[in-house]
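# Tertiary structure, described
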2 protein chains.
Amino acid sequence: MQGDASMTTKNATIKDVAREAKVSVASVSRVLNGLGGVTPATQKIVREVAARLNYIPDNAARSLITGRTHTIGAVLPDLYGEFFSELIRGIDLAARARGLHLLVSSSHDGVEDAAVAVRAMRGRVDGMLILSEYVDAAFLEENLPEKLPAVLLDSPVKSARYPVLNIDNRDGAIAMVRHLVEAGHQHIAFISGPKTNFDAQQREKGYRAAMAKHAPAATLIVVDGDFTEDSGYRAGCELLSKKPRPQAVFAANDMMAIGCLYAFKEAGIDVPGDIALAGFDDILIARYVTPPLSTVQVRIADLGRIALERLAAMLNPADKTPASVETLGCDIVIRKSCGAKADAPAAPRKPRKSPRPLPT
Amino acid sequence: MQGDASMTTKNATIKDVAREAKVSVASVSRVLNGLGGVTPATQKIVREVAARLNYIPDNAARSLITGRTHTIGAVLPDLYGEFFSELIRGIDLAARARGLHLLVSSSHDGVEDAAVAVRAMRGRVDGMLILSEYVDAAFLEENLPEKLPAVLLDSPVKSARYPVLNIDNRDGAIAMVRHLVEAGHQHIAFISGPKTNFDAQQREKGYRAAMAKHAPAATLIVVDGDFTEDSGYRAGCELLSKKPRPQAVFAANDMMAIGCLYAFKEAGIDVPGDIALAGFDDILIARYVTPPLSTVQVRIADLGRIALERLAAMLNPADKTPASVETLGCDIVIRKSCGAKADAPAAPRKPRKSPRPLPT
DNA sequence: GGCGCAAACGTAAACGTTTTCATGGAAGCT
DNA sequence: AGCTTCCATGAAAACGTTTACGTTTGCGCC
């Protein structure tokens, strides 16, 4: 009982357990880590004492000596919205399945900011998942601790050292354009994303490539957007004023498509009757607008999961998989807005887990 | 130059810097931590050498000696959906503003699972934000390392030791019911959430209290739901079959309200013409369905921010603010679905940041 | 009973920092 | 010049683990 009394002030350490159990710290360590080489009787004692003292090993000390933290760091540009929610979920699930913890770091306003974020990870993580427009090969060489494994997400860099995992934006855009053409549309306008955005670039490339192939006669119409609903609205207004009004509009993301949709509604233009509409991302809202929005689905949680799995593989020193650029395909999901015979009801009500508006 | 060559194998430590700069490790530490008491000349040397060797302090070692990690742990039940996206965002923003890192841990299937998650934080974090249905006062006493500050979110526990930050679900529900009554509805049905969910309980209590006060003559109709869209749909169907059809339906969350909305649409019931509808949470989708959904808004990011700020205050040993149960108010946001004169356009297009469907 | 061997266990070094304390020297004062 | 004061610096302890290595113990075998 006096042991309990003396414990109220500080956390028990391995030494306390050793003393109380009348064994050495080494034995305590062995027992608690299941290394064997210790008598069942002693094991019992040690476990009992550890439980009684409520001993919890200190991870800092453990990390210091082993060089392992069982934590991976995720460097993300911003935690806003569905994309990151899904990404983190995918990462976290996969991490947790491997007993890894997740340290997130977000909102880097510039390359300098990103550098401190990455550097701050030293001694905190075993590997990193990086999604940032600011990092390139030189950046990593400069700021990443020696030999720290890292996987790059959605990045244009090609490195012999770090695997890259990209979304196949180009292919997804091509598939959607092809579908629109097959649905009878030739004059398909495109609402582009931010010029500096890698995804946006790829999507526009896909649009252009597909148009060249499937609708070579059509005049290309590209109006600028910046991924916001507002810019989509403005783009929609602009498109309505075009001489030959486009038959279809393909927006580089769903939010712009939705903005565009409201511009059309306001103008009394029927979608898909007067004009077809498609987006990109398949955000949750897409299926709830009227009409439901056809779009390109990116399996974001999968992206996170695969990235983490790749990283986890690198954590194993035996792993010799060469760094490569992998690509995760997209699926087009056809709803009412593009005018094709939709294969989904207006309100798909298949048992779908709620987006958990509030915790259970 | 030979220094560079010798560095290729291991990361530079403070000793390397000290040796190379011909000073002691103590001085290097002082310089790099800005403690003063060191000549500008020496500072210059040290900084130069540190930069040249690309020295990055090891956080594990630092934490071990200082007892500080500059990291806070967030224990969350699940990372699914908008709620957690927003919550994490709020936490992360506030944390980052204070130079704190964020370690997230999620998806605990049971009390045992939650216990290992919490215990795994020892030596990794300076404090914890906990949102879990499994933790109560006894749990904390058992699993939380001695003297580790923690803030509980959305929890029924009253502890003299740990501050609790709740959403004022009850008050929000009351406000919405009052609004519905003022809009002329008396017979207001309620779709409840999971019985074990704290938020759901509070919302139902609010509904009952407000009905008793503002519509004492009305017969209470409560049908079960579980926060999923699907359960909302079923509830909607059930409500339509009630003898005196309710004039309004108040769902314990938005997803159920939306499911309900589709049930009504399917049955040819006009919302809000034939029946009014309201939800809770103000998820992003709420404003995009037709008609836009009236709902109760919880400022989730604020919840995260405030929780972190409270926790940050506790990190300061001088802080003696007593642990208390705080409550974060909700605002009702009136759109078309409840039949009142909506004060917002169908598609509010005020410059609103895109939910960042894909990263910039 | 002595020998060897393996299993159980303990000792101590190591991990990379921060921080206390001692030391030396320069500067200021009388 | 002699004294004190103060400041820059270095040596070493400490943080709580893991683990390589050495020591003891128990046991079977000749």
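The shown structure was predicted, so the numbers you read here are calculated from the model rather than taken from an experiment.

### Focus: the overall build of chain A
- In terms of regular secondary structure, chain A is built from 13 helices and twelve strands.
- Over its C-alpha atoms chain A spans a radius of gyration of 27 Å, topping by over 25% the 21 Å that the globule rule assigns to 360 residues.
- Overall size of chain A, expressed as C-alpha extent along the three principal axes, is 90 × 45 × 30 Å.
- The burial tally for chain A puts 57% of its 360 residues in the buried class.
- The contacts in chain A between residues at least 6 apart in sequence include a share of 70% that link residues at least 24 apart.
- Surface accessibility of chain A: about 14,800 Å² in total, with carbon and sulfur atoms responsible for 53%.
- Here chain A holds 44 positive side-chain charges and 41 negative ones, and the gap between their average locations is 6 Å.

### Focus on the interface of chain B and chain A
- Contact residues are listed per partner, giving 92 residues for chain B and 92 residues for chain A.
- Between chain B and chain A, a total of about 8,400 Å² is buried, with carbon and sulfur atoms accounting for 54% of that surface.
- Summed over the shared surface of chain B and chain A, the result is two salt bridges.
- Across the pair aspartate 113 of chain B and arginine 96 of chain A runs a salt bridge, and its minimum N-O distance is 3.4 Å.
- Taken together, the links from chain B to chain A amount to 26 residue pairs in polar contact (both at pLDDT 80 or more).
- Elements with a minimum of two residues in the side of chain B that touches chain A: helix 5 (59–66), helix 6 (82–97), strand 2 (101–105), helix 7 (111–119), helix 8 (137–143), helix 10 (198–214), helix 11 (229–240) and helix 12 (254–266) of chain B.
- The element best represented in the side of chain B that touches chain A is helix 6 of chain B, accounting for ten residues.
- Grouping the constituent residues of the side of chain B that touches chain A by class yields 40 nonpolar, 24 polar and 28 charged.

### Remarks on the protein's contact with DNA strand C
- Residues in contact with DNA strand C amount to 29 residues; listed here are only the nearest, Ser24, Arg30 and Thr42 of chain A together with Ile14 and Ser29 of chain B.
- Note that a phosphate oxygen of DNA strand C is positioned 3.0 Å from one of the side-chain N or O atoms of serine 27 of chain A.
- At 2.8 Å from a base nitrogen of DNA strand C is found a side-chain nitrogen or oxygen belonging to arginine 30 of chain A.
- Ranked by residues supplied to the surface near DNA strand C, first place goes to helix 5 of chain B with five residues.
- Per-class residue counts for the surface near DNA strand C are 14 nonpolar, nine polar and six charged.

### Some points on the packing of aromatic side chains
- Scanning all chains against the criterion turns up ten aromatic pairs over all chains.
- A centroid spacing of 6.3 Å and a plane angle of 45 degrees characterise the contact between tyrosine 262 of chain A and tyrosine 288 of chain B, whose relative ring orientation is tilted. One end of the pair, tyrosine 262 of chain A, is in helix 12 (residues 254–266); the other, tyrosine 288 of chain B, is in the loop between strand 9 (276–278) and strand 10 (295–297), on a second chain. For the pair formed by tyrosine 262 of chain A and tyrosine 288 of chain B, the shared burial category is buried.
- Geometrically, the ring pair formed by phenylalanine 250 of chain B and phenylalanine 280 of chain B is stacked, given 6.4 Å between the ring centres and 15 degrees between the ring planes. Placement of phenylalanine 250 of chain B in strand 8 (residues 248–251) and of phenylalanine 280 of chain B in the loop between strand 9 and strand 10 is noted, with a sequence separation of 30 residues between them. The residues phenylalanine 250 of chain B and phenylalanine 280 of chain B share a single accessibility class, namely buried.
- Directly above the ring of phenylalanine 280 of chain A sits arginine 203 of chain A, whose terminal nitrogen or CZ lies 3.8 Å from the centroid.

### Here we look at the packing of helix 6 (residues 82–97) of chain A against helix 13 (residues 300–315) of chain A
All names here are of chain A.
- Across the interface, helix 6 lies against helix 13 with an axial gap of 7 Å and an inter-helix angle of 40 degrees. Classified by the angle their axes make, helix 6 and helix 13 are oblique. In the packing of helix 6 onto helix 13, the handedness of the crossing is right-handed. Contact with helix 6, carried on its side by Phe83, Glu86, Leu87, Arg89, Gly90, Ile91, Ala94 and Ala95, involves Ile300, Ala301, Leu303, Gly304, Arg305 and Leu308 of helix 13 and no other residues of that element.
- For the contact of helix 6 with helix 13, the per-class residue count stands at nine nonpolar, two polar and three charged.

### What about the relation of the copies chain B and chain A?
- Overlay of chain B on chain A (RMSD 0.1 Å): rotation 180 degrees, translation along the axis 0.0 Å. Taken together, the rotation angle and the small translation identify this as a two-fold axis.
- Comparing interface residues between copies, 100% of those in chain B also sit at the interface in chain A, which points to an isologous, same-surface contact.

### Looking at the domain arrangement of chain A
- As far as domains go, chain A holds domain 1 (2–57), domain 2 (69–167 + 301–329) and domain 3 (169–299 + 332–338).
- Centre-to-centre separation of domain 1 of chain A and domain 2 of chain A, based on C-alpha positions: 37 Å.

### With respect to the UniProt feature "domain: HTH lacI-type" (unreviewed entry) in chain A
- In this numbering, the UniProt entry assigns the feature "domain: HTH lacI-type" (unreviewed entry) to residues 12–66 of chain A.
- Taken end to end, residues 12–66 of chain A is 69% helix and 0% strand, and its first and last C-alpha atoms sit 21 Å apart.

### Some thoughts on the protein's contact with DNA strand D
- Among the 27 residues in the neighbourhood of DNA strand D, the closest are listed as Ile14 and Ser29 of chain A together with Ser24, Arg30 and Thr42 of chain B.
- Contact distances for DNA strand D include 3.0 Å between a phosphate oxygen and a side-chain N or O atom of asparagine 33 of chain A.
- The separation between a phosphate oxygen of DNA strand D and a polar side-chain atom of arginine 62 of chain A is 3.4 Å.
- Sorting the residues of the surface near DNA strand D by element identifies helix 2 (14–21), helix 3 (25–32) and helix 5 (59–66) of chain A together with helix 3 (25–33) and helix 5 of chain B as the ones contributing at least two each.

### Here we look at the pairing of strand 5 (residues 164–167) of chain A
Residues and elements named next belong to chain A.
- Going residue by residue along strand 5, you find Val164 and Asn166 tucked away on one face and Leu165 and Ile167 tucked away on the opposite face as well.
- Where strand 4 (residues 150–153) and strand 5 come together, two bridges link them in parallel fashion. Bridged to leucine 153 within strand 5 is leucine 165.
- Relative to strand 11 (residues 325–328), strand 5 is paired through four bridges, and the arrangement is parallel. By the bridge assignment for strand 11, asparagine 166 is matched with threonine 327.

### Notes on unusual backbone geometry
- Here the amide bond leading from valine 271 of chain A into proline 272 of chain A is cis, since omega sits at 5 degrees, within 30 degrees of zero.
- Inspection of the secondary structure puts proline 272 of chain A in the loop between helix 12 and strand 9 (276–278).
- That bond from threonine 290 of chain B to proline 291 of chain B is cis: its omega, -5 degrees, falls within 30 degrees of zero.
- Tracing the sequence through the fold places proline 291 of chain B in the loop between strand 9 and strand 10.
- The backbone phi angle of histidine 70 of chain B is positive, close to 55 degrees, even though this residue is not glycine.
- Positive phi is not limited to glycine here, since aspartate 282 of chain B has a value of about 55 degrees.

The rules behind each value
Residues numbered from 1 in each chain as written. Chains lettered and ligands numbered in written order. Predicted model: local features only at pLDDT ≥ 70, side-chain atom pairs only at ≥ 80, totals over all residues. Heavy atoms only, no water. Helix = DSSP H or I, 4+ residues; strand = E, 2+ residues; numbered from the N terminus. Rg over C-alpha atoms; globule rule 2.2 N^0.38 Å. Buried < 20%, exposed > 50% of the residue type's maximum accessible area, 1.4 Å probe, protein only. Contact = heavy atoms within 4.5 Å. Areas by Shrake-Rupley, 256 points an atom, 1.4 Å probe, with all protein chains shown as cover. Lys, Arg positive; Asp, Glu negative; His and termini not counted. Charge placed at Lys NZ, Arg CZ, Asp CG, Glu CD. Buried area = accessible area lost by both parts, 1.4 Å probe. Salt bridge = Lys/Arg side-chain N within 4 Å of Asp/Glu carboxyl O. Polar contact = N/O pair within 3.5 Å; in protein donor to acceptor, adjacent residues only side chain to side chain. Nonpolar A, V, L, I, M, F, W, Y, C, P; charged D, E, K, R; others polar. Near = heavy atom within 4 Å. Phe/Tyr/Trp six-rings, centres within 6.5 Å; stacked < 30°, edge-to-face > 60°. Lys NZ or Arg CZ within 6 Å of the ring centre and 35° of its normal. Axes fitted to C-alpha atoms, helices over the stretch in contact; angles between N-to-C directions. Parallel < 35°, antiparallel > 145°, perpendicular 65-115°, else oblique. Left-handed = near helix turned anticlockwise from the far one by under 90°. Least-squares fit on C-alpha atoms with pLDDT ≥ 70 in both. Domains from an automatic or database assignment. UniProt positions renumbered as here; feature names shortened; annotations may be inferred. Pairing = 2+ DSSP bridges.

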